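Now for the letters of each chain:
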Amino acid sequence: MTGATEYPPLWQPDPNAVGETRMAMFMQAAGCGGYADLWQWSVDQPEAFWPMLWDFCGAVGERGARTLLDGDRMPGARWFPEARLNYAENLLKIRDDGEALVFWGEDKVRRRMTRAELYAGVACFQQFLIEAGVGEGDRVAGYLPNLPETLIAMLATTALGAIWSSASPDFGVQGVLDRFGQIEPKVLLCVDGYWYNGKPVDCLGKNAEVVAQMPSLVRTVVVSYLNAEPDLAKIPNAVRWGSNATVDAKKEVIFKKVAFDHPLFIMFSSGTTGVPKCIVHGHGGVLLQHLKEHQLHSDVRPGDRLFYFTTCGWMMWNWLVSG
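From a predicted model like this one, the values you see are computed outputs, not experimental measurements. (Residues numbered from 1 in each chain as written. Predicted model: local features only at pLDDT ≥ 70, side-chain atom pairs only at ≥ 80, totals over all residues. Heavy atoms only, no water.)

Q: Can you lay out the side chain of D192 for me, pointing to particular residues and giving the numbers?
A: Secondary-structure assignment places D192 in the loop between strand 9 (187–191) and strand 10 (193–196). Buried within the structure, D192 lacks any salt-bridge partner; its nearest side chain of opposite charge belongs to R240, at an N-O separation of 9.0 Å. The contacts of D192, once residues within four sequence positions are left out, are V201, D202, C203, L204, V222, V223, S224, Y225, L226, N227 and P230. (Helix = DSSP H or I, 4+ residues; strand = E, 2+ residues; numbered from the N terminus. Buried < 20%, exposed > 50% of the residue type's maximum accessible area, 1.4 Å probe, protein only. Lys, Arg positive; Asp, Glu negative; His and termini not counted. Salt bridge = Lys/Arg side-chain N within 4 Å of Asp/Glu carboxyl O. Contact = heavy atoms within 4.5 Å.)

So this is what it looks like as structure tokens:
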């Protein structure tokens, strides 16, 4: 635009550090001269790009020997048609004492969890899910804030080949039923309440209304956030998180190997044009896309802190937890 003011960039990377990024390393391994070349190569030769990304980013699973694409039209194309993998296994492959997450619930609650503690928590909750009859293809829904328990429940669910879906506790009863009512979950996780701007917000009444109108539920698990022992009397078949005394913390997590396109998450459209529409994401697609975005585009490394301000009703929560 003629006469427009030119402003300097807010930030530019150190030229000496650019060559040490994961993106630069990947471009070098691919033999590409720059980002434009890499992008063009990924478009022109996806059958070469995606297997190389799989190996470079350290994805855990069996790729299979067949061609990358089974058909070349959308809809209808199938990626890695012989692959067998599990998203949760990739997130839990390290079990050391390094921090897996740091949680702050405003200025009220602060918690830290190591990778070993995260793995043990997933193993325990997975046993509860198995006792509740949850298996491959079943749906588990979380009506929860972005808590450590939410991550644990998602990993325990998806490790079994079951399907996870979540919504934020600030959603109203009808908004939750419009979403979860379509997918008929077997288990619902909810919270006794949450903190907002320093004030407690009780959720037990809403939880009771939701459960009463969701006949598919076998069990409801209430996570204690505001109170150590919330009153669950009005919520049918409800138990408090961690109350199952029969679990064995030393058991290994079961990782069900599934097809590349096996459903992992069910997310929803906004609902601005009617009832929210279901959007299904698969194990392999989510894993590779998130590895690409975290490692190449964001240069996330072991030990880095990754933060995104999001509720569990937005797809950015799913992106965040892959980190």
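Q: Pulling in residues and values, what's your account of the packing of aromatic side chains?
A: All told, the structure shown has 14 aromatic pairs when counted by the stated rule. Here F26 and F56 contribute two aromatic rings whose centre-to-centre distance is 5.1 Å and whose plane-to-plane angle is 75°, an arrangement assigned as edge-to-face. Of this pair, F26 sits in helix 2 (residues 22–30) while F56 is found in helix 4 (residues 46–56), placing the two residues 30 residues apart along the sequence. With relative accessibility at 22%, the residue F56 sits in the partly exposed group. Counting every residue linked through ring pairs, the aromatic cluster contains F26, W41, F49, W50, F56 and W79. It is R110 that lies over the ring of W104; its NZ or CZ is 3.6 Å from the centre. (Phe/Tyr/Trp six-rings, centres within 6.5 Å; stacked < 30°, edge-to-face > 60°. Lys NZ or Arg CZ within 6 Å of the ring centre and 35° of its normal.)

Q: Lay out the sheet that holds strand 4 (residues 84–85) in plain terms, naming residues and giving numbers.
A: Spatial ordering of the open sheet is given by 1-4-14, a layout of three strands whose pairing is antiparallel. Looking at the sheet topology across the chains shown, the edges are occupied by strand 1 (61–62) and strand 14 (258–259). (Pairing = 2+ DSSP bridges.)

Q: Any details on the pairing of strand 5 (residues 99–105)? Residues and values, ideally.
A: Bridge count between strand 5 and strand 6 (residues 109–114): six bridges; the pairing is antiparallel. Bridging across to strand 6, F103 finds its partner in R111. Linking two consecutive strands that pair antiparallel, namely strand 5 and strand 6, is a turn of three residues; a positive phi of about 50° is found at E106 within it.

Q: Break down the pattern of salt bridges for me, citing the residues and quoting the values.
A: Pairs can form between side chains of opposite charge whenever their charged atoms are close. Following the criterion strictly, the structure yields 11 salt bridges and no others. For K186, the salt bridge is made with D138, and the minimal N-O distance between the two is 3.3 Å. One end of the pair, K186, is in the loop between helix 8 (173–183) and strand 9; the other, D138, is in the loop between helix 6 (115–131) and strand 7 (139–143), and 48 residues separate them in sequence. Judged by its relative accessible area of 23%, K186 is partly exposed. When its relative accessible area of 18% is taken as the criterion, D138 is described as buried. In this structure, D299 engages R301 in a salt bridge whose closest nitrogen and oxygen atoms are separated by 3.1 Å.

Q: Can you tell me about the nonpolar core, naming the residues and giving the values?
A: If you look at the biggest cluster of nonpolar residues, it comprises 69 residues, and the most contacted ones within it are F125, L129, M154, W164, V187, L189 and L288. In this structure, L189 is in contact with F125, V140, A141, G142, Y143, L144, A153, W164, V221 and W241, ignoring residues within four places of it in sequence. By size, the runner-up hydrophobic cluster in this structure holds 22 residues, among which are I163, V176, L177 and M214. (Core = buried A, V, L, I, M, F, W, Y, C linked by side-chain atoms within 4.5 Å.)

Q: Tell me about the pairing of strand 9, and please be specific about residues and values.
A: For strand 9, the tally of buried residues reaches five of five residues, placing the bulk of the element in the interior. Here strand 9 shows two buried faces, one formed by V187, L189 and V191 and the other by L188 and C190. Both strand 7 and strand 9 contribute to a ladder of four bridges, which runs parallel. Across the sheet, the residue bridging to V140 is V187, located in strand 9. Sheet analysis places strand 9 next to strand 12 (residues 219–223), joined by five bridges and oriented parallel. Its bridge partner being in strand 12, V191 is matched across the sheet by V223.

Q: I'd like a rundown of a nonpolar patch on the surface, residues and numbers included.
A: Taken together, the side chains of Y35, W39 and V43 present a nonpolar region at the surface, about 330 Å² in accessible area. By relative accessible area, V43 is classed as partly exposed at 45%. (Patch = residues over 30% accessible without salt bridge, like charges linked within 9 Å, V, L, I, M, F, W, Y side chains within 5 Å. Areas by Shrake-Rupley, 256 points an atom, 1.4 Å probe, with all protein chains shown as cover.)

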